[in-house]
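Here's the letter readout for the chains.
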Amino acid sequence: MDTEQSDESLCSANNCSSSTPEGNSLKKGALKRTPFSRFKKVNSSFKSPLQVADRAKVSTEEEVEELKKRRDQLDTEIAQLDAEGYRVEELEHHIDMLHEYNDIKDIGQMLLGRIAALRATTTRELYSHFGLELDD
């Protein structure tokens, strides 16, 4: 089969594009780079998704007032916790214990993952093998 004939049979008079058009040799109706785009402006300028809406802009004074309200709210919550008998040192100790617990749990998860890889099984199967709950 002649390649020139196959190229000609695939190209119609109004709908043919070459891979490297020269100058104004592109015919009207030729294939575009995105022929089936339903957007009118494919090559429009970039618009960041993090744009701030006009109504979301607040003045510095309004922002300061909001921060003062938030500070007062937090002071009220701290006073309530003090009244209930919570101490800062006690809370810090509990937070430290939670961090240690999470670190130990992470190490356990890594060990289970390595054992599962060595045994060519899943961690889910190891949970049942070691008598662990999936929520653990």
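Residues numbered from 1 in each chain as written. Predicted model: local features only at pLDDT ≥ 70, side-chain atom pairs only at ≥ 80, totals over all residues. Heavy atoms only, no water.

### Observations regarding the overall build of the chain
- Looking only at helices and strands, the chain has four helices and zero strands in total.
- Secondary structure elements of the chain, listed N to C terminal, follow the sequence α-α-α-α.
- Expressed as a percentage of the 136 residues in the chain, the buried residues total 4%.
- Of the contacts formed within the chain by residues at least 6 apart in sequence, a portion of 7% connects residues at least 24 apart.
- Total accessible area on the chain is roughly 13300 Å²; 54% of this is exposed by carbon and sulfur atoms. (Helix = DSSP H or I, 4+ residues; strand = E, 2+ residues; numbered from the N terminus. Buried < 20%, exposed > 50% of the residue type's maximum accessible area, 1.4 Å probe, protein only. Contact = heavy atoms within 4.5 Å. Areas by Shrake-Rupley, 256 points an atom, 1.4 Å probe, with all protein chains shown as cover.)

### Things to note about unusual backbone geometry
- Of note, the phi angle at alanine 120 is positive, near 55°, even though the residue is not glycine.
- By the element assignment, alanine 120 lies in the loop between α3 (88-119) and α4 (123-129).

### Some words on a nonpolar patch on the surface
- Among the surface-exposed residues, Leu81, Tyr86 and Leu91 lie close enough to one another that they form a single nonpolar patch of about 240 Å² accessible area.
- Inspection of the secondary structure puts leucine 81 in helix α2 (residues 60-83). (Patch = residues over 30% accessible without salt bridge, like charges linked within 9 Å, V, L, I, M, F, W, Y side chains within 5 Å. Salt bridge = Lys/Arg side-chain N within 4 Å of Asp/Glu carboxyl O.)

### Some words on the pattern of salt bridges
- Across all of its chains, the model carries one salt bridge by this definition.
- Among the ionic pairs, glutamate 89 bridges to arginine 87, the shortest N-O distance being 3.8 Å. Each of the two residues, glutamate 89 as well as arginine 87, counts as exposed.

### Structural notes on α3
- With 32 residues, α3 extends 47 Å between its outermost C-alpha atoms, agreeing within 8% with the 46 Å of an ideal straight helix rising 1.5 Å per residue.
- Taken from the residues just after α3, alanine 120 is the one with a positive phi, measuring 55°. (Expected span 1.5 Å × (residues − 1).)

### A word on the environment of tyrosine 127
- As for its placement among the helices and strands, tyrosine 127 is situated in helix α4.
- For the pair tyrosine 127 and leucine 112, spaced 15 residues apart in sequence, the C-alpha to C-alpha distance is 8.4 Å.

### Digging into the confidence of the model for the chain
- In this model, the chain carries a mean pLDDT of 76, and residues with pLDDT of at least 70 account for 62%.
- Across residues 1-14, confidence stays below pLDDT 50; counting only partners more than four residues off in sequence or on other chains, it has six contacts. (pLDDT = per-residue confidence, 0-100.)

### Some details on a negative patch on the surface
- Together, Glu92, Asp96, Glu100, Asp103 and Asp106 give the surface a local cluster of negative charge.
- On the basis of relative accessibility, which here comes to 47%, the residue glutamate 92 falls in the partly exposed class. (Lys, Arg positive; Asp, Glu negative; His and termini not counted. Charge placed at Lys NZ, Arg CZ, Asp CG, Glu CD.)

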